[in-house]
Amino acid sequence: MGKVTGFMEFERLEEGYKPAPERLKNYKEFVIGLDDAQAKVQAARCMDCGTPFCNNGCPVNNIIPDFNDLVYQGDWKNAIDVLHSTNNFPEFTGRICPAPCEAACVLNVNDDAVGIKSIEHAIIDRAWAEGWVLAQPAKHKTGKKVAVVGSGPAGMAAAQQLARVGHDVTLFEKNDRVGGLLRYGIPDFKMEKVHIDRRVEQLQKEGVTIRTGVLIGEMPKGSKVTNWAKETISAAQLQKDFDAVLLTGGSEQSRDLAVPGRDLDGVHFAMEFLPQQNKVNAGDKLKGQLRAEGKHVIVIGGGDTGSDCVGTSNRHGAASVTQFEVMPQPPVEENRPMTWPYWPLKLRTSSSHDEGCTREFAISTQEFIGEKGKVTGLKTVHIEFKDGKMVEIAGTEKTYPADLVLLAMGFVNPVATVLESFGIDKDARGNAKASTEFAGGYVTNVPKVFAAGDIRRGQSLVVWAIREGRQAARSVDEFLMGFSDLPR
């Protein structure tokens, strides 16, 4: 413990932002991270609790008090070693994780939590700058071949772990670049793709074979799920060619809104809108890109995906941006005695909201209206919940003008045909059925086929994907070798 009284002497210091007018001019990251001195002071606030709830609040169980103390001592090299021992990609989580660890921080009981996420961000950025992030190729090969299907954070983490113990790993991705939702979904202003590219290079140096533009299994006709595959390999062929198969795809089926006028031009899923901008930012040329410039934009859905649509629309130059949320507005401050150390319900205002957005809560869309086949507005009504049921409030009907409507209401399940092509049993929510409650978990009903990440647990966080990828890698290794030295 670096400074016994640090939590009493120092206040929480938030990472800074570049001014909104400046950051709206481009798609570059705009967060101003802590410098070494600021990170040291923030790390000094860590109390090294007898029971560090932050460890359990973090899905990958980062050893937070230890790396905080190392930062306070100025030992950045050992700090990144501790951080990498539980988290393959802290530059991802240090940028886009909502930080459940901070909600669980003991200091958060009656004060401001330690800025754990900002310290993690500082550690990994320092590590890259110093050249400490190096490939770790296996010293010995096992001769076993593993296919990892889906190159999001779960797939990348699993591929890296399996390659490091000597398996021949092939990472398959149906789109043209590695990264999954990190690549095509998360805006560049939240996480620039150079961070993925550096890790891809590391994976390749560690022996991972990467095959992009390859669809495994089938996609339903007319699907709106992003798919730029140029080649298809059947599930049966994959099972024949590899000793084990790990499915790590996303929960990509967007939740739809079945109201009159849904088929009007101008009503789109968020995941039709956001990936296109990612491709343009990567230098690709697109015909018919969805653009918000000069338009009245309505974003339906109050979560992170909706916030990403808000920020992207403002960078396009939208005439106005309004975000709808069907749930009531949460309290500005959480009830800490009731919620700590769990993730609290409270009003969260993102940097995209601060850039310009009107937010409407407890509102429901009744109908999309339009002219000549194009959307021109929405008919809405405010709602309240009585006895657990949503009830419309009479007299609150309103029509909003809209030239572009983006549906950002979350994701319901993975693409069913992909699971069906393998013959994998599904749970009640349509996810791959694979339990984690016993040794050798993540196993599906199909021999030598495993599942992890959003395809198994449903829509979730990047940090959960990394955790599941790491744990599934251990299960695959145990299956192939009879034992495993990989951490679980």
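Anything mentioned here points back to the structure above.
What counts, and where the lines are drawn
- Residues numbered from 1 in each chain as written.
- Predicted model: local features only at pLDDT ≥ 70, side-chain atom pairs only at ≥ 80, totals over all residues.
- Heavy atoms only, no water.
- Helix = DSSP H or I, 4+ residues; strand = E, 2+ residues; numbered from the N terminus.
- Buried < 20%, exposed > 50% of the residue type's maximum accessible area, 1.4 Å probe, protein only.
- Contact = heavy atoms within 4.5 Å.
- Phe/Tyr/Trp six-rings, centres within 6.5 Å; stacked < 30°, edge-to-face > 60°.
- Lys NZ or Arg CZ within 6 Å of the ring centre and 35° of its normal.
- Core = buried A, V, L, I, M, F, W, Y, C linked by side-chain atoms within 4.5 Å.
- 1 Å grid on protein atoms, 1.4 Å probe; cavity = no way out; pocket = protein on both sides within 12 Å on 5 of 7 lines; lining within 4 Å.
- Points joined across faces, edges and corners; volume = space filled by probe spheres on them.
- Nonpolar A, V, L, I, M, F, W, Y, C, P; charged D, E, K, R; others polar.
- Axes fitted to C-alpha atoms, helices over the stretch in contact; angles between N-to-C directions.
- Parallel < 35°, antiparallel > 145°, perpendicular 65-115°, else oblique.
- Left-handed = near helix turned anticlockwise from the far one by under 90°.
- Pairing = 2+ DSSP bridges.

Draft legend 1. Representation of the environment of Gly410 within the structure. Its location among the elements puts Gly410 in the loop between β18 (404–407) and β19 (411–413). The class of Gly410 is buried, set by a relative accessible area of 14%. With 105 residues separating them in the primary sequence, Gly410 and Thr305 have C-alpha atoms 7.5 Å apart. In this structure Gly410 touches Ser254, Arg255 and Gln459, once residues within four positions along its chain are discounted.

Draft legend 2. Examining the packing of aromatic side chains more closely. In the structure shown here, the tally under the stated rule is 8 aromatic pairs. Each ring, one from Phe30 and one from Phe189, has its centre 6.4 Å from the other, and the planes form 25°; the classification is stacked. Of this pair, Phe30 sits in the loop between α2 (20–23) and β2 (31–32) while Phe189 sits in the loop between β4 (168–173) and α11 (194–205), and the two are 159 residues apart along the sequence. Feature note: the residues Tyr17, Phe30 and Phe189 constitute an aromatic cluster, connected by ring pairs. Above the ring of Trp228, the side-chain terminus of Lys279 is found at 4.4 Å from the ring centroid. The ring of Phe189 carries Arg315 above its face, with NZ or CZ at 3.8 Å from the centroid.

Draft legend 3. Here's a closer look at the nonpolar core. Of all hydrophobic cores here, the largest spans 67 residues; its most connected members are Phe67, Val71, Phe92, Ile123, Met156 and Leu182. Apart from residues lying up to four places away in sequence, Val71 is in contact with Ala39, Lys40, Ala43, Trp76, Ala79, Ile119 and Ile123. The next biggest cluster of nonpolar side chains, apart from the first, holds 20 residues, and it includes Phe172, Ile216, Leu247 and Val449.

Draft legend 4. Looking closely at the layout of surface pockets. Looking at the second largest pocket, its volume works out to about 300 Å³. Together, 16 residues line the second largest pocket, and Asp81, His84, Ser85, Gln136 and Arg164 are the ones closest to its centre. For the lining of the second largest pocket, the secondary-structure elements that each account for two or more residues are α6 (76–84), α10 (153–164) and α11. Here the residues of the lining of the second largest pocket sort into 5 nonpolar, 7 polar and 4 charged.

Draft legend 5. Summary view of the packing of helix α3 (residues 36–44) against helix α5 (residues 64–73). Closest axis-to-axis distance for the α3/α5 pair is 8 Å, and the angle between their directions is 135°. As judged from the angle between their axes, α3 and α5 are oblique. When the axes of α3 and α5 are compared, the crossing they make is left-handed. Of the residues in α5, those touching α3 at Ala39, Lys40, Ala43 and Ala44 are Asn68, Val71 and Tyr72.

Draft legend 6. Quick peek at the sheet that holds strand β11 (residues 296–300). Within the open sheet, the 5 strands sit side by side as β10-β18-β11-β12-β13. Their pairing is parallel. Among the strands making up the open sheet, the edge pair consists of β10 (267–269) and β13 (358–361). Going across the sheet, the axis of each strand differs from the next one's by a mean of 20°, ignoring polarity. Sitting on the sheet, helix α14 (residues 304–316) touches β11, β12 (320–325) and β18, and the angle it makes with β12 is about 175°.

Draft legend 7. Summary view of the sheet that holds strand β3 (residues 145–149). Read across the sheet, 5 strands follow the order β5-β4-β3-β8-β20 without closing on themselves; strand pairing throughout is parallel. Strand pairing shows two members of the sheet lacking a second neighbour, β5 (209–212) and β20 (449–451), which therefore form its edges. Adjacent strand axes in the sheet meet at a mean angle of 20° when their direction is disregarded. Taken together, the 3 bridges between strand β8 (residues 244–247) and β20 define a ladder with parallel strand orientation. The residue bridging Leu246 from the neighbouring strand is Phe450, located in β20. Lying on the sheet, helix α19 (residues 462–481) is in contact with β3, β8 and β20; it crosses β8 at an angle near 165°.

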